[in-house]
Amino acid sequence: MSGIIGKKVGMTSIFDADGKNIPCTVIEAGPCVVTQVRTVDKDGYDGIQLAFDEKKEKNTTEQLKGHFAKANTTPKRKLVEFKTFEDAKELGSTITVDIFAEGDFVDVVGTSKGKGFQGVVKRHGFGGVGMQTHGQHNRLRAPGSLGASSWPSRVFKGMRMAGRTGGARVKIQNLQILKVYAEQNLLVVSGSIPGAKGSYVIVDK
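Residues numbered from 1 in each chain as written. Predicted model: local features only at pLDDT ≥ 70, side-chain atom pairs only at ≥ 80, totals over all residues. Heavy atoms only, no water.

> For the side chain of Gln118, give the residues involved together with the corresponding values.
Along the polypeptide, Gln118 turns up in strand β8 (residues 116-118). A distance of 2.7 Å separates the side chain of Gln118 from the backbone oxygen of Lys115, its partner in a polar contact. Ignoring sequence-local partners within four residues, the contact set of Gln118 consists of Arg123, Ala162, Gly163 and Thr165. (Helix = DSSP H or I, 4+ residues; strand = E, 2+ residues; numbered from the N terminus. Polar contact = N/O pair within 3.5 Å; in protein donor to acceptor, adjacent residues only side chain to side chain. Contact = heavy atoms within 4.5 Å.)

This is the structure:
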């Protein structure tokens, strides 16, 4: 398995050979620098750490400055570790969108948009009371009963209720790569991916 760190640019649509309009997402992927190499002898497992997106040196801690200096690179904003990688990489080497090809299927991990505190209709898709009969005048979006009475005298864990919605790590699997623009470091994948424009994503091959 290989991967790369990217940034969501936005959505668009393209036409395939049959004239079908396909919704797709544009991702600015890489170039990423290998800033650390994990080995079984030293760390107990194999893996590499990738860094992406330039960061001002004045906003970087001294510890991270030394970490990036070992890889002979400038400070970066996003660091992600990949435990398995197809090819062995050396410290300071660069990974680009060239590891992907059109037609490949990838998994994309991102952080979904935060919605704040939401009720059960928006958060869980409850239908609400619906018809306003039998004196229902203010219960249209209410959650309804939470459980029984004397037994179990509590609310079961996992009960779907109102609460903070979104802002969670989400993985979308089996998205097809429609276009690879190596010169612009862009990937075009089918469908939508979680997160707002400009948010970081991880593309796993």
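> An account of a positive patch on the surface is needed here, citing residue identities and associated values.
A contiguous patch of positive charge on the surface is contributed by Lys113, Lys115, Lys122, Arg141 and Lys197. You can see Arg141 is positioned in the loop between α3 (120-124) and β9 (163-165). (Patch = residues over 30% accessible without salt bridge, like charges linked within 9 Å, V, L, I, M, F, W, Y side chains within 5 Å. Areas by Shrake-Rupley, 256 points an atom, 1.4 Å probe, with all protein chains shown as cover. Salt bridge = Lys/Arg side-chain N within 4 Å of Asp/Glu carboxyl O. Lys, Arg positive; Asp, Glu negative; His and termini not counted. Charge placed at Lys NZ, Arg CZ, Asp CG, Glu CD.)

> Before we move on, can you summarise the sheet that holds strand β4 (residues 47-54) with the specific residues and values?
With antiparallel pairing, 4 strands are arranged side by side in an open sheet as β5-β4-β3-β6. In this open sheet, the two strands that pair with only one neighbour each are β5 (76-82) and β6 (94-95). In terms of strand pairing, β4 meets β5 through 6 bridges, oriented antiparallel. Looking at the pairing, Ala51 lines up with Leu79 of β5. (Pairing = 2+ DSSP bridges.)

> Just give me the short version of the domain arrangement of the protein chain, but keep the residues and values in it.
When the domains of the protein chain are assigned, the result is domain 1 (3-116 + 170-204) and domain 2 (117-144 + 159-165). For domain 1 and domain 2, the distance between their C-alpha centroids amounts to 39 Å. Listed per partner, the contact involves 4 residues of domain 1 and 6 residues of domain 2. Together, the buried faces of domain 1 and domain 2 total about 310 Å²; carbon and sulfur atoms form 46% of this surface. Applying the counting criterion to the domain 1 and domain 2 interface returns 0 salt bridges. At the boundary of domain 1 with domain 2, the tally comes to 4 residue pairs in polar contact (both at pLDDT 80 or more). (Domains from an automatic or database assignment. Buried area = accessible area lost by both parts, 1.4 Å probe.)

> Before we move on, could you go through the environment of Val106 and cite the residues and values that matter?
With respect to the element layout, Val106 can be found in strand β7 (residues 105-111). Taking the C-alpha atoms as reference points, Val106 and Ile177, 71 residues apart in sequence, are found 7.3 Å from one another. If sequence neighbours within four positions are ignored, Val106 has contacts with Phe100, Ile172, Gln173, Asn174, Leu175, Ile177, Val189, Val203, Asp204 and Lys205.

> Account for the sheet that holds strand β10 (residues 169-181), naming residues and giving values.
An order of β1-β2-β11-β10-β7-β12 is seen for the 6 strands of this closed barrel, with the pairing classed as antiparallel. Within the sheet, the average angular offset between the axes of one strand and its neighbour, ignoring direction, is 50°. Here strand β1 (residues 3-15) pairs with strand β12 (residues 200-204) via 5 bridges, running antiparallel. Note on β12: the bridge partner recorded for Ile5 is Ile202. (Axes fitted to C-alpha atoms, helices over the stretch in contact; angles between N-to-C directions.)

> Account for the pairing of strand β11 (residues 186-190), naming residues and giving values.
Extensive coverage of β11 is indicated by the burial of 4 of its 5 residues. With 5 bridges joining them, strand β2 (residues 21-29) and β11 adopt antiparallel strand pairing. In the sheet register, Val26 faces β11, and the bridge partner there is Val188. Bridging between β10 and β11 involves 4 bridges; their strand directions are antiparallel. Bridge pairing links Ile177 to Val189 in β11. In this antiparallel pair of consecutive strands, β10 and β11, the connection spans 4 residues, and Asn185 shows a positive phi of 55°. (Buried < 20%, exposed > 50% of the residue type's maximum accessible area, 1.4 Å probe, protein only.)

> Report on unusual backbone geometry, specifying residues and quantitative values.
Where the residue is not glycine, phi is negative for most of them; where a peptide bond is considered, it is trans in most cases. Omega for the bond connecting Gly30 with Pro31 falls within 30 degrees of zero, at 0°, which places this linkage in the cis form. Residue position: Pro31 is located in the loop between β2 and β3 (32-38). In this structure, the amide linkage connecting Trp151 to the following residue, Pro152, adopts the cis form with an omega of 10°. Summarising the element assignment, Pro152 is placed in the loop between α3 and β9. Positive phi values are uncommon outside glycine, yet Asn174 reaches one of about 60°. The residue Asn174 is located in strand β10 in this model. On the accessibility criterion, Asn174 (57% relative accessible area) is exposed.

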